[in-house]
Amino acid sequence: MNYDYIVVGHGLAGAILAYTLRKQGHLVLVIDEPKENSASRVAAGLVNPVAGKRFAKSWLVDSLLPFADTFYDELEARFQQPLFFHKPIYKIFSTIEEQNNWMAKSAGDSWSEYIGATYTQSTGTPSVQDPYGGILIQQGGYLLVSDMLDLLTHELLEAGLLLPERFDITQLQLTEQGVSYKAATANHLIFCEGWQAVHNPYFKWLPLQPTKGEVLEVQTTGKFEPECIYNKAVYVVPVGEDRFKIGATYNWRQPDEEPTPEGKAELTERFEQITTQPYHVKNHWAGIRPAVRDRRPLIGRHPEHAQLSVFNGMGSKGVLMAPYLADLFAKALAEEAEMLPDVQISRYYSLYYDYIKHHNPEL
Ligand SMILES: Cc1cc2nc3c(=O)[nH]c(=O)nc-3n(C[C@H](O)[C@H](O)[C@H](O)COP(=O)(O)OP(=O)(O)OC[C@H]3O[C@@H](n4cnc5c(N)ncnc54)[C@H](O)[C@@H]3O)c2cc1C
């Protein structure tokens, strides 16, 4: 069977890209080894238009956010199921210095649409600890990533367009027309393997920094149903019925997928700094983010094999970035648009040539 595209990996990146390519009229085969603790499956699914520590507008947010909103609305309508929940984010100040810094920065005009209110003292919400006040960030929210993946997976399976198995790279052949893989041929193949791209012989030279993250799900014993997501060192995302997702930790030194007692202790301690609500831990997950040295995604064609591409490196902001970048990339592949230079892997082609020289010194 001949396809326009083969997409390897059906996490957030691959799923959104495959859906976008199909919407643009292409025939797509997806190959994905289902994985319960993929980054996408454990993610809290948060969208925050303001980048936390630096208190800067998130990169390209004025383009990414409206596009993501429309994209998730469309999926909700298609599947008749709520997937994205709009919620303001209450960023709690830790110190009076932080309050001063943030107040000074937020005075700029470009902020206004994202800042709902500023508080220089506690809002007085019962059980919430915010002695220095905080900032209410508008236009945030969270996506039920696993639910979205389940729906898109089901749709592909029904259409006979998903092979739920590990992609065996030894079966891939590069041909004049594109690629062949087992019984399938395609004009182009796109790897969306998340952090596992570090094992991909065609793309292992890319500067991925697999970064472990741990997340908890807790249940409060008292009634606690805030209208916002809380943020102070961690995010506290209300997911309904007094349940909360608390995340996340960052660890690039030991990027395995095991939940640890240290991760749990860090998250519970930070949760307790936000609220005095009694609670118990229901679930604890760990996953690995496909982070990148310069914090920009990795998108584009292989420097020598033009029939191979990657769509990866969404770091900790896949929910916000993937819809817009998938649309742009699908158009770029069809030569209808230019990819943004910031995300193109061509910015790292020199690493590829160094890699090749090192592995094939005679070249
Ligand atoms: C703890 C944690 C919390 C996070 N919270 C947020 C958040 O709140 N908001 C946000 O936007 N982002 C968050 N992220 C980041 C987000 O999860 C990632 O940006 C995004 O999920 C990356 O998606 P991906 O598809 O690139 O990778 P993955 O989710 O890793 O998906 C890759 C898929 O490809 C498959 N695959 C890989 N190799 C092969 C192969 N050879 N053959 C077949 N299949 C293969 C895998 O099995 C998997 O299904 C978080 C991440 C973590 C770990």
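Residues numbered from 1 in each chain as written. Predicted model: local features only at pLDDT ≥ 70, side-chain atom pairs only at ≥ 80, totals over all residues.

1. Describing the overall build of the protein chain
To keep it simple, the criterion reads: Helix numbers and strand numbers start at the N terminus; a helix is a DSSP run of H or I with at least 4 residues, a strand a run of E with at least 2. Radius of gyration: over C-alpha atoms. The globule rule applied is 2.2 Å multiplied by the number of residues raised to the 0.38 power. Working definition of burial: number of other C-beta atoms within 10 Å of the residue's own, with buried at 20 or more, exposed at 12 or fewer, and partly exposed in between, all C-beta atoms being placed from the backbone. By the convention adopted here, residues make contact when the C-beta atoms placed from their backbones lie within 7 Å.
Helices and strands together make up the secondary structure of the protein chain, namely 8 helices and 21 strands. For the protein chain, whose C-alpha radius of gyration is 21 Å, the value lies close to the compact-globule estimate of 21 Å for 363 residues. On the principal axes, the C-alpha backbone points of the protein chain span a range of 65 × 40 × 40 Å. Burial analysis of the protein chain (363 residues in total) assigns 43% to the buried set. For the protein chain, restricting intrachain contacts to residue pairs at least 6 apart in sequence, the fraction spanning at least 24 positions comes to 72%.

2. A short note on the nonpolar core
Note the following rule: By definition, a nonpolar core groups buried Ala, Val, Leu, Ile, Met, Phe, Trp, Tyr and Cys residues that are joined through C-beta atoms within 7 Å.
Counting residues in each nonpolar core, the largest one holds 105 residues, and the members touching the most others are I6, V7, L17 and V236. Looking at which element gives the most residues to this core, the answer is helix α7 (residues 318–333), with 11 residues. When near neighbours in sequence (up to four residues on either side) are disregarded, L17 contacts V7, I190, C192, F311, A326 and F329.

3. Section: the pairing of strand β2 (residues 28–31)
Spelled out, the test is: When DSSP finds at least two bridges between two strands, those strands are taken to pair. Clockwise travel from the first strand over the helix to the second, with the strands pointing away from the viewer, marks a crossover as right-handed.
In β2, alternate side chains face the same way, and those of V28 and V30 on one face and L29 and I31 on the other are all buried. As paired strands, strand β1 (residues 2–8) and β2 are joined by 4 bridges and run parallel to one another. Of the residues in β2, the one forming a bridge with I6 is L29. Taken together, β1, helix α1 (residues 12–23) and β2 form a β-α-β motif whose crossover is right-handed. Both β2 and strand β11 (residues 162–163) contribute to a ladder of 2 bridges, which runs parallel. Among the inter-strand pairings, V30 is bridged to a residue of β11, identified as L162.

4. A few points about the packing of helix α3 (residues 61–79) against α7
Operational definition: Lines fitted to the C-alpha atoms define the axes, with helices restricted to the stretch that makes contact. Angles between their N-to-C directions range from 0 to 180 degrees. Throughout this description, any angle smaller than 35 degrees is read as roughly parallel, any larger than 145 degrees as roughly antiparallel, any in the 65 to 115 degree range as roughly perpendicular, and the remainder as oblique. Side-chain classes are defined by residue name, with Ala, Val, Leu, Ile, Met, Phe, Trp, Tyr, Cys and Pro counting as nonpolar, Asp, Glu, Lys and Arg as charged, and the others, Gly among them, as polar.
Remark: α3 packs on α7, axes separated minimally by 8 Å, with the N-to-C direction vectors making an angle of 85 degrees. In this view, α3 runs roughly perpendicular relative to α7, as classed from their interaxial angle. Each of S63, L64, L65, F67, A68 and F71 in α3 lies in contact with α7, whose residues at this interface are V319, L320, M321, P323, Y324 and D327. Considered class by class, the residues forming the contact of α3 with α7 number 10 nonpolar, 1 polar and 1 charged.

5. A short note on the site of the ligand
For the record, the criterion: The criterion for a residue being near a molecule or strand is a backbone-placed C-beta atom within 6 Å of that molecule or strand. Start and end points for every domain follow an automatic or database-based domain assignment.
Around the ligand lies a shell of 43 residues, among which G9, G11, G194, G213 and G318 are the nearest. Those elements that provide at least two residues to the shell around the ligand are α1, α2 (39–42), β15 (208–220), β19 (279–292) and α7. Among the elements that take part in the shell around the ligand, β19 stands out by supplying 4 residues, more than any other. Here the residues of the shell around the ligand are counted per class, giving 19 nonpolar, 16 polar and 8 charged. In terms of domain composition, the shell around the ligand takes at least three residues from each of domain 1 (2–42 + 146–207 + 294–359) and domain 3 (208–292).

6. As for the domain arrangement of the protein chain
Assigned domains within the protein chain: domain 1 (2–42 + 146–207 + 294–359), domain 2 (88–139) and domain 3 (208–292). Just the C-alpha atoms count here: the centres of domain 1 and domain 2 sit 39 Å apart.

7. Re the sheet that holds strand β10 (residues 141–143)
Here 3 strands make up an open sheet; going across it, the order is β3-β10-β6 and the pairing antiparallel. Looking at which strands have only one partner, the edges of the open sheet turn out to be β3 (46–47) and β6 (84–86). Alignment of β3 against β10, held across 2 bridges, turns out to be antiparallel. Counterpart to L46 in the pairing with β10 is Y142.

8. Let's talk about the packing of α1 against α7
Stated precisely, the cut-off is as follows: Crossing handedness is read from the near helix: turned anticlockwise from the far helix by less than a right angle, it gives a left-handed crossing, and turned clockwise, a right-handed one.
Two elements in contact, α1 and α7, have axes whose closest approach is 9 Å; the angle formed by their N-to-C orientations is 40 degrees. Along this stretch, α1 crosses α7, giving a crossing that reads as right-handed. When α1 is examined against α7, the residues L12, A13, I16, L17, T20 and L21 are found in contact with a partner set consisting of G318, V319, A322, P323, A326, D327, F329 and A330. Its residues placed into classes, the contact of α1 with α7 shows 11 nonpolar, 2 polar and 1 charged.

9. Things to note about unusual backbone geometry
The residue after G247, namely A248, is reached through a cis peptide bond having omega -5 degrees. Locating A248 in the fold gives a position in the loop between β18 (243–247) and α6 (261–274). Positive phi, normally seen in glycine, also occurs at Q139, with a value near 65 degrees. The topology assignment puts Q139 in the loop between β9 (134–137) and β10. For Q139, a count of 19 C-beta atoms within 10 Å puts it in the partly exposed group. Although it is not a glycine, K182 adopts a positive phi angle of roughly 50 degrees. You can see K182 is positioned in the loop between β13 (179–181) and β14 (184–191).

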